[in-house]
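Observations on chain architecture
These are the residues of each chain, in order.
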Amino acid sequence: MIQELDPRMSRRKDLLDIESLTRDELLFLLDTARPFKELFTRSVKKVPALRGKTVLNLFFEPSTRTRASFEIAAKRLSADVTNLSIAQSSVVKGESILDTIETMQSMKVDYMVVRHSASGVPAFVAKHTPAAVINAGDGHHAHPTQALLDTFTMQEAVGDLRGRKVLIVGDILHSRVCRSVSTAAHKLGMEVGVFAPATLIPNGRPDYMKVFTDFGAALAWQPDFVYLLRLQLERQAAHFFPSLREYHNIFGLTRERFQICSDQGMYIMHPGPVNRGVELVDEVLTYARCLINQQVENGIAARMAVLYWLQPATTVLPMEEDAIA
Amino acid sequence: MTPDDQVTLLSAGDITNKLERMTAQIHEAHPDDPLACVGIHTRGAILSQRVHALLSSKRDKVEHGTLDIALYRDDLDNLGTIPMIKGSDIPFQVEGAHIVLFDDVLFTGRTIRAALDELMDYGRPAKIELAVLIDRGHRELPIAPDYLGQRIETARAAHIRVCFQEIDGRDGVFLREGESLP
């Protein structure tokens, strides 16, 4: 435990974004993720906390990593997992989201993990189901479990995050990852800087966000972490920047910029999957302070902490104080 | 100093005596076995640390570990607030080990059931025994202590408070009668 916390935490039904979490809840989830990670070294990696519960992965947008991460997290808590992705679902046959939720509800699902290309769908689902809902990424809005695993990974690297600096580089405008990570970092007392093409910096950004227009100046700010966002290649078609090569030269971690990062001992992060030669040069991936693989591993622990903490309305009984002894 | 509604069941001196006797019994029952003490968070862990220290002065290497049973509880669904997980620390081979499991108070037996299940997930021990400072009755599962400090008849609603120097600033066991007596 890095900061002193209450040993008990009240629970919520859903995790929809980082904004609605208190700082204590954020710290509780990070502290809870740590012992879950220790489980991975045991011979039996499963614990019975969610035995008999059903987790539905409801993905309206393609994803392999996040879905697999949620699936492993749920299975290590002994839950049963069902995956439903758009390609196989009846949504393509014209069923509405509400109908899909109702169908799933009649199957008595306890947790729903929802990803959708439109912002607000997980919140809409949460309103219409007693199941606990976890937002696994919605439009440009939020990706709260990504922010949890990222700040957890940062904590592992440096301990207390208060006063530390993170520089987020890339498509700030369209990035739900950036929105959630910067909010979490700010709540945990970090300084947040962003560097992006001027066309990809949103107008309505929060005041604490320091904007850089030059990579050299951004690195001279001496961030502890350089967080490279994934470039959504399909965005190029919308002419936010001229070419991939130019993006790399101006906004990518080139060999020269990487040299500065490694000389200063900065940590490098990326939510994956990496576009080699676009956001970063290959050498970064073998750098000792590149945390990309840790981020993937920590994703499971962070998601286990969330599943452990949330409480579906289906199972809420009259509250009894800690009867076990 | 205790508030009026509290009855002192064991003093600091009583606790020391009980632990010394418990240590002697464990030592006697296992003259040659490789032993491991495992305490259940939080006060069971302190109990097991103390007995472990006493045992270590009598014999060669005794292993020590702690268990956090939060993820093995049978009532997680119903809890409006959930406990912070401290994590278990079992730094020895459970396979084939002779384990003495420690908890401060034995009540319904559900905590011990959870602890047994968790230990089994680390391996197959040769034997598990149970040591508790207080047995207050009201068992809901067929579980009994092998080493016992003190058995106390209690009302189901009564509260037993075990205090240890390490976290509470003093040693002692106190009883407060609950609202509803059976």
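Residues numbered from 1 in each chain as written. Chains lettered and ligands numbered in written order. Predicted model: local features only at pLDDT ≥ 70, side-chain atom pairs only at ≥ 80, totals over all residues. Heavy atoms only, no water.

1. With respect to the overall build of chain B
So the rule is basically this: Helix and strand definitions here come from DSSP, where helices need a minimum of 4 consecutive H or I residues and strands a minimum of 2 consecutive E residues; each element is numbered from the N-terminal end. Each radius of gyration is computed over the set of C-alpha atoms, and the globule rule expresses the reference value as 2.2 Å times the number of residues to the power 0.38. Accessible area is worked out with a 1.4 Å probe on protein chains only. A residue is then buried under 20% of its type maximum, exposed over 50%, and partly exposed in between. Here, Shrake-Rupley sampling with a 1.4 Å probe gives the accessible areas, and only protein chains in the shown set may cover a residue. Charge assignment: positive for Lys and Arg, negative for Asp and Glu; neither His nor the chain ends contribute. Each charge is placed at NZ for Lys, CZ for Arg, CG for Asp and CD for Glu.
Counting its regular elements, chain B contains 4 helices and 9 strands. In chain B, the succession of α and β elements from N to C terminus is β-α-β-α-β-β-β-α-β-β-β-α-β. Over its C-alpha trace chain B gives a radius of gyration of 16 Å, about what one expects of a compact globule, namely 16 Å for 182 residues. The buried share of chain B, reckoned over its 182 residues, is 54%. Roughly 8300 Å² of accessible area belongs to chain B as shown, and the carbon and sulfur atoms make up 48% of that amount. When the 20 basic and 30 acidic side-chain charges of chain B are each reduced to a single mean position, those positions are 2 Å apart.

2. Section: unusual backbone geometry
Residue and element names in this part refer to chain A. Residues Gly272 and Pro273 are joined by a peptide bond in cis, for which omega reads -15°. One non-glycine residue, Lys108, adopts positive backbone phi at about 60°. Tracing the backbone through its elements, the reader meets Lys108 in the loop between helix H3 (97-106) and strand E4 (111-116).

3. Digging into the sheet that holds strand E5 (residues 132-138) of chain A
Residues and elements named next belong to chain A. Note the following rule: Only strands that DSSP links by at least two bridges are regarded as paired with each other. A fitted line through C-alpha atoms serves as each axis, taken over the contacting stretch for helices, and the angle formed by two N-to-C directions is quoted from 0 to 180°.
Pairing within the open sheet is parallel, and its 4 strands lie in the order E3-E2-E4-E5. Single-partner strands in this sheet number two, and they are strand E3 (80-85) and E5. Strand-to-strand twist across the sheet, computed as the mean angle between neighbouring axes with direction ignored, equals 15°. As paired strands, strand E2 (residues 54-59) and E4 are joined by 5 bridges and run parallel to one another.

4. Details of the packing of helix H1 (residues 12-29) of chain B against helix H2 (residues 43-56) of chain B
All names here are of chain B. Which entries qualify depends on this criterion: Reported orientations rely on four angle classes, namely roughly parallel under 35 degrees, roughly antiparallel over 145, roughly perpendicular from 65 to 115, and oblique for the rest. Throughout, a crossing is termed right-handed when the near helix is turned clockwise from the far one, and left-handed when it is turned anticlockwise from it by less than a right angle. What makes two residues a contact is simply this: any of their non-hydrogen atoms within 4.5 Å. Residue type decides the class: Asp, Glu, Lys and Arg count as charged, Ala, Val, Leu, Ile, Met, Phe, Trp, Tyr, Cys and Pro as nonpolar, and the leftover types, Gly among them, as polar.
Put simply, H1 and H2 touch, their axes get as near as 9 Å, and they point 60° apart. Between H1 and H2, the crossing angle belongs to the class labelled oblique. The crossing of H1 and H2 is right-handed. Contacts between H1 and H2 involve Ile15, Leu19, Glu20, Met22, Thr23, Ile26 and His27 from the former and Leu47, Arg50, Val51, Leu54 and Leu55 from the latter. Here the residues of the contact of H1 with H2 sort into 8 nonpolar, 2 polar and 2 charged.

5. Re the domain arrangement of chain A
All names here are of chain A. We apply this condition: What counts as a domain boundary in this text is fixed by an automatic or database domain assignment. Here the quantity called buried area is the total loss of accessible area, with a 1.4 Å probe, experienced by two parts when brought into contact, counted for both. A carboxyl oxygen of Asp or Glu within 4 Å of a side-chain nitrogen of Lys or Arg is what we treat as a salt bridge. Throughout this description, a polar contact denotes any pair of N or O atoms lying within 3.5 Å of each other; where both atoms belong to protein, one of them has to be capable of donating a hydrogen while the other can accept it, and for residues adjacent in sequence the pair is counted only when both atoms sit in side chains.
The domains assigned to chain A are domain 1 (23-142 + 298-315) and domain 2 (144-295). Between the C-alpha centres of domain 1 and domain 2 the distance comes to 26 Å. Each side of the interface is counted separately: domain 1 has 26 residues, and domain 2 has 25 residues. Taken over both partners, the interface formed by domain 1 and domain 2 buries close to 2200 Å², and the fraction arising from carbon and sulfur atoms is 59%. For the domain 1 face of the interface with domain 2, the top three residues by lost area are Leu30, His140 and Asn298, together amounting to 30%. Inspection of the domain 1/domain 2 interface yields 2 salt bridges. Put simply, Arg176 and Glu61 hold a salt bridge, and the shortest N to O gap is 2.9 Å. Inspection of the region where domain 1 meets domain 2 yields 13 residue pairs in polar contact (both at pLDDT 80 or more). The residue inventory of the side of domain 1 that touches domain 2, partitioned by class, reads 10 nonpolar, 8 polar and 8 charged.

6. Notes on the interface of chain B and chain A
In this assembly, 28 residues from chain B lie in contact with 34 residues from chain A. Summing both partners gives a buried area of about 2700 Å² for chain B against chain A, and 56% of it is carried by carbon and sulfur. Among the residues of chain B in contact with chain A, B:Leu71, B:Ile82 and B:Met84 are the three that bury the most area, contributing 27% of the side total. Between A:Arg42 and B:Glu118 there is a salt bridge, with its nearest N and O atoms 3.6 Å apart. Linking chain B with chain A are 11 residue pairs in polar contact (both at pLDDT 80 or more). Counting residues per element, the ones that place at least two in the side of chain B that touches chain A are strand E4 (81-83) and helix H3 (110-122) of chain B. A per-element tally of the side of chain B that touches chain A places H3(B) first, with 5 residues. Looking at side-chain class alone, the side of chain B that touches chain A contains 12 nonpolar, 8 polar and 8 charged residues.

7. Remarks on the side chain of B:Gln6
Residue and element names in this part refer to chain B. Within the fold, Gln6 resides in strand E1 (residues 6-10). Judged by its relative accessible area of 13%, Gln6 is buried. Beyond its immediate chain neighbours, meaning those up to four positions away, Gln6 contacts Arg161, Phe174, Leu175 and Arg176.

8. Considering the pattern of salt bridges
If charged atoms from side chains of opposite charge come close, those side chains can pair. Residues and elements named next belong to chain A. The full count for this structure, using the stated rule, is 26 salt bridges over all chains. A salt bridge links Arg34 to Asp31; the shortest N-O distance between them is 3.1 Å. Within this pair, Arg34 and its partner Asp31 are both found in helix H1 (residues 23-39), separated by 3 residues, close to a single helical turn. The class of Arg34 is partly exposed, set by a relative accessible area of 24%.

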